[in-house]
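# Per-entry structural report
These are the residues of each chain, in order.
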Amino acid sequence: MPERRPYVAANWKMHKTAAEAARFVEALLPRVEGAGAEIVICPSFLALREVVEGCRGSAVRVAAQNMHEAEAGAFTGEVSAPMLVEAGADAVVLGHSERRQLFNESDEALARKLPAALAAGLEPILCVGESEEERDAGRTETVLERQLDADLAAIDSADLARVVVAYEPIWAIGTGRTATPEQAQETIAFVREVLRKQSTEAADSVRILYGGSVKPGNAAELLSMPDIDGALVGGASLDPDDFAAIVEAA
Ligand code: PGA
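Residues numbered from 1 in each chain as written. Predicted model: local features only at pLDDT ≥ 70, side-chain atom pairs only at ≥ 80, totals over all residues. Heavy atoms only, no water.

## Things to note about the overall build of the protein chain
Of the regular secondary structure elements, the protein chain holds 12 helices and 8 strands. With respect to the principal axes defined by its C-alpha atoms, the protein chain has extents near 45 × 45 × 35 Å. Counting over 250 residues, the protein chain shows a buried share of 54%. Here the protein chain has roughly 11,000 Å² of accessible surface; of this, 50% comes from carbon and sulfur atoms. (Helix = DSSP H or I, 4+ residues; strand = E, 2+ residues; numbered from the N terminus. Buried < 20%, exposed > 50% of the residue type's maximum accessible area, 1.4 Å probe, protein only. Areas by Shrake-Rupley, 256 points an atom, 1.4 Å probe, with all protein chains shown as cover.)

Put into structure tokens, the structure is as follows:
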């Protein structure tokens, strides 16, 4: 079984101006020096350059929070993979539930975004997750399998290992209601089984993160589960001390 390096990502959503982002990076770097986990910061588009500059020479990498699938075109308000690469991004979050729910991001668009990101050299962080209603109706596995099959449809098995998957139950995002470590483990193990249909090798090496109200106080327990390879952190990633504590727990 390949060693999967822990992966902790800070999803800032629509928080932090470029100046605030630069101050965060300055505060964070000394706190995470020598960390064993891979660390990724996902700022707004406008703070990408500051975070890239601030992280230069460190092991911390930078991701955008969204991307259009086309390289260029008449898509007012959108940003393409080559633009993100030029700004210094290493990765890109795709399919976050807020984008799916609030901005009508579809599985069809994601199926095009994933190969576009990989072709540009960006590491996709693909988010999947069920709503509370879907979990209560016992449909969690059906929903996840549908999302994964649709979103990864155009990715061949050789490229699958370059994708990072984040399982984020929608009912746990920003609610303070974390999935129990057992729930998260069970569901993430299921996600890995779905990936196994495409490639056993890739399924064993893909990092699968848990996201949804991860905090310094619950990170160690969640991350100790065998299939949980890291965390996608929203609220608690806005504070350098809290985020550094989660990195340390990983
Ligand atoms: P949260 O957000 O940690 O604030 O729940 C997680 C996410 O949406 O990625």
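## Digging into the pattern of salt bridges
For side chains bearing opposite charge, pairing can occur when the charged atoms are close. If you walk through the whole model with that rule in mind, you get 21 salt bridges. Among the salt bridges present, the one from Glu-98 reaches Lys-13, with a minimum N-O distance of 2.8 Å. Of the two residues, Glu-98 is situated in helix α4 (residues 97-102) and Lys-13 in the loop between β1 (7-11) and α1 (18-32); the sequence distance between them amounts to 85 residues. The partly exposed category is assigned to Glu-98, whose relative accessible area is 25%. For Arg-196, the salt bridge identified is with Glu-193, shortest N-O distance 3.2 Å. Remark: Glu-193 and Arg-196 occur in helix α9 (residues 181-196); sequence separation between them is 3 residues, near one turn of the helix. The network of salt bridges with shared partners includes Arg-5, Glu-38, Arg-61, Glu-123 and Arg-207. (Salt bridge = Lys/Arg side-chain N within 4 Å of Asp/Glu carboxyl O.)

## Topic: the side chain of Glu-38
With respect to the helices and strands, the residue Glu-38 is situated in strand β2 (residues 38-42). Here the side chain of Glu-38 touches Arg-207 through a polar contact of 3.1 Å, side chain to side chain. (Polar contact = N/O pair within 3.5 Å; in protein donor to acceptor, adjacent residues only side chain to side chain.)

## Remarks on the site of the ligand
Taken together, 13 residues surround the ligand, and among them Lys-13, His-96, Glu-168, Gly-174 and Ser-213 come closest. In this structure, Gly-234 approaches the ligand through a main-chain N or O atom, which is 2.9 Å from an oxygen atom. At 2.8 Å from an oxygen atom of the ligand is found a main-chain nitrogen or oxygen belonging to Gly-235. Protein contact buries 97% of the 280 Å² of open area that the ligand shows by itself. Considering only residue class, the shell around the ligand consists of 4 nonpolar, 7 polar and 2 charged. (Near = heavy atom within 4 Å. Nonpolar A, V, L, I, M, F, W, Y, C, P; charged D, E, K, R; others polar.)

## A word on the packing of aromatic side chains
Enumeration according to the criterion identifies 2 aromatic pairs in this entry. An angle of 80° between the planes, with centres 4.8 Å apart, marks the rings of Trp-12 and Phe-24 as edge-to-face. One end of the pair, Trp-12, is in the loop between β1 and α1; the other, Phe-24, is in helix α1, with 12 residues separating them in the sequence. Among the residues examined, Trp-12 registers a relative accessible area of 0% and is labelled buried. Look at Phe-24 and you get buried, because its relative accessible area is 3%. Relative to Tyr-210, the ring of Tyr-167 has its centre 6.4 Å away and its plane inclined at 55°; by these criteria the two rings are tilted. In this pair, Tyr-167 is assigned in strand β6 (residues 164-167) and Tyr-210 in strand β7 (residues 208-211), connecting sequence segments 43 residues apart. (Phe/Tyr/Trp six-rings, centres within 6.5 Å; stacked < 30°, edge-to-face > 60°.)

## Focus on the state of the cysteines
The final tally for this structure, using the stated rule, is 0 disulfides. The thiol sulfur of Cys-42 is not disulfide-bonded, and the nearest other cysteine sulfur, from Cys-127, lies at 8.7 Å. Given the relative accessible area of 0%, Cys-42 is considered buried. Cysteine Cys-55 remains unbridged, with the sulfur of Cys-42 as its closest cysteine sulfur at 11 Å. (Disulfide = S-S within 2.5 Å.)

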